[in-house]
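Notes for the structure review
Each chain, letter by letter, is given below.
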Amino acid sequence: MDARDIIKRPIITEKSTDLMAQNKYTFEVDMRATKPQIKAAVEEIFGVKVEKVNTARVRGKLRRMGRHEGYTSDWKKAVVTLKPGHSIEVFGGF
C-alpha cells in the first residue's frame with residue numbers, strides 16, 4: 001500500500017486538539033494497516049520522526065432514517081506520538 005492509501009484523513013475533534021499539546025496526532029487509517037506501516041507513512045508524508053503508534057478499531061454506530069435503520073461503517077483510528085522537537089505544521093504545530 002502507498003503511504004497516502006494508509007493515512008485517510010486527520011481527525012479534528014476537541015479531544016484530538018488537546019492531545020496535540022502533548023505532541024500526539026490522530027488520523028483515520030486503513031483497516032488493514034499495521035503499526036509499522038502507519039509509522040512509515042506518517043514519517044514519509046509529513047517528514048517527522050514517530051516515537052510510537054496506538055491504534056483502535058471504532059465500531060459503526062446505529063443510525064435511523066425514518067423506519068429504516070442500519071450501521072455506519074467501522075473504521076480504524078491511530079494516535080501517533082512524535083519525538084520531541086518534531087511537529088506537524090498542517091495542524092498548527094503546538
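This text goes with the structure placed above it.
In this report, we go over the structure that sits alongside the text. (Residues numbered from 1 in each chain as written. Predicted model: local features only at pLDDT ≥ 70, side-chain atom pairs only at ≥ 80, totals over all residues. Heavy atoms only, no water.)

Focus on the sheet that holds strand β2 (residues 24–29)
Short version of the rule: When DSSP finds two or more bridges between a pair of strands, those strands are recorded as paired. A run of H or I in DSSP counts as a helix once it spans at least four residues, and a run of E counts as a strand once it spans at least two, with each numbered from the N terminus. Angles shown run from 0 to 180 degrees and are taken between the N-to-C directions of axes, each axis being a line fitted to C-alpha atoms and, for helices, limited to the stretch in contact. By definition, residues are in contact when any of their heavy atoms lie within 4.5 Å.
One open sheet accounts for 4 strands, arranged β1-β2-β6-β3; its pairing is antiparallel. This sheet does not close on itself; its edge strands, each paired only once, are β1 (7–10) and β3 (50–58). Averaged over all pairs of adjacent strands, the angle between strand axes in this sheet comes to 30°, irrespective of strand direction. Examined bridge by bridge, β2 and strand β6 (residues 75–82) share 6 bridges and lie antiparallel to one another. The residue of β6 that forms the bridge with T26 is V79. Relative to β3, helix α3 (residues 35–46) is tilted by about 120°, and along the sheet it contacts β1, β2, β3 and β6.

Here's the deal with the environment of K35
Applied cut-off: When accessible area is computed with a 1.4 Å probe and restricted to protein chains, residues below 20% of their type maximum are described as buried, those above 50% as exposed, and intermediate ones as partly exposed.
Structurally, K35 is set in helix α3. Residue K35 is classed as partly exposed on the basis of its relative accessible area, which comes to 42%. In sequence terms K35 and F46 are 11 residues apart; their C-alpha atoms lie 16 Å from each other. Those residues in contact with K35, other than ones at most four positions away along the chain, are V53, N54 and T55.

Considerations on the pattern of salt bridges
In plain terms, the rule: What makes a salt bridge here is a side-chain nitrogen of Lys or Arg within 4 Å of a carboxyl oxygen of Asp or Glu, nothing more.
What the rule picks out here adds up to 3 salt bridges. Salt-bridge contacts for E28 lead to R9; the nearest nitrogen and oxygen are separated by 2.7 Å. Separated by 19 residues along the polypeptide, E28 in strand β2 and R9 in strand β1 bring together distant segments of the chain. Given the relative accessible area of 13%, E28 is considered buried. Its relative accessible area of 44% is what places R9 among the partly exposed residues. Between D30 and R32 there is a salt bridge whose closest N-O contact spans 3.1 Å.

Some thoughts on the nonpolar core
The following threshold applies: Residues grouped as a nonpolar core are buried Ala, Val, Leu, Ile, Met, Phe, Trp, Tyr and Cys residues, joined through side-chain atoms within 4.5 Å.
Membership of the largest hydrophobic core comes to 18 residues, with the highest contact counts inside it found for I7, F27, I38, V42, V80 and L82. Contributing elements (two or more residues each) for this core: α1 (3–6), β2, α3, β3 and β6. With near-sequence residues (within four places) excluded, V42 lies in contact with I7, F27, G47, V48, V50 and V80.

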